[in-house]
Amino acid sequence: SFDVQWDIIMDITDALNGDTGRAKRVLAHLKRILEKAISISANNQSLKNCLIVIDSFTRNGNDNILSVIHSTYLSVLSKFALSQDSDSQKLKSLLQSSENIKTCRERVLELILDWQSQESDSIIDQMKYPNFHRTFVELKQNGAPFNKIIVERERLKKQKEIDERNRKFKEMQDKHNKNNNNEEKEDDIIRHKIGTA
């Protein structure tokens, strides 16, 4: 498993935020790594790492970073999201999905869904960078299963709420049982004292 070194990613993000030329060079290099990873297979550690870094750059980057991702990365990612697997790839991702592992393609769809958010607390200025939403719309029109992601997120959110309610209920029950046990013990002590008096 790969441990994400967030401190290093954040250091690089800060450096790129402060230097346009550097941002362009580093992001051009990262794009080559991304394209090479995609050409190897639809699921590999290098590709997973790229997606983690790109997402972090997108969420924490200023115009130096966002303008490059907006103009050159989205087309690469959307092409990948719509690409078809070869038979051996299909088999491999089928085996992986049976273990409930999220595929890189699913991860790309999640990122594009998040990046194009029209909510007021959106991380990206959608007026300034319209390709994020445009990419989402194009993918959706081409049958990308965004609804599946939204439904699954809703399900997980509900499940979390149910788990939380159950946990609180169990805590209350445990407390109640403990109090009852203490009262019963006290009754026993009183009965014992009266009995021996």
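Residues numbered from 1 in each chain as written. Predicted model: local features only at pLDDT ≥ 70, side-chain atom pairs only at ≥ 80, totals over all residues. Heavy atoms only, no water.

S.K.: Would you mind going over the environment of K24 with me for this structure?
M.R.: Summarising the element assignment, K24 is placed in helix α2 (residues 20-40). With relative accessibility at 52%, the residue K24 sits in the exposed group. (Helix = DSSP H or I, 4+ residues; strand = E, 2+ residues; numbered from the N terminus. Buried < 20%, exposed > 50% of the residue type's maximum accessible area, 1.4 Å probe, protein only.)

S.K.: In this structure, what is going on with the pattern of salt bridges? I would like to understand it.
M.R.: For the structure shown, the criterion picks out eleven salt bridges. Of the charged contacts, one joins R107 and E110 as a salt bridge, the two residues approaching to 2.7 Å between their closest N and O atoms. Residue R107 and its partner E110 are located together in helix α6 (residues 104-115), separated by three residues, close to a single helical turn. Ionic pairing is found between R167 and E164, a salt bridge with its closest N-O pair at 2.6 Å. Separated by three residues within a single helix, R167 and E164 lie in helix α8 (residues 146-196), roughly one turn from each other. One connected set of salt bridges, linked through shared partners, spans D55, R59, R107, E110, D114 and R153. (Salt bridge = Lys/Arg side-chain N within 4 Å of Asp/Glu carboxyl O.)

These figures come from the coordinates and say nothing about function on their own.
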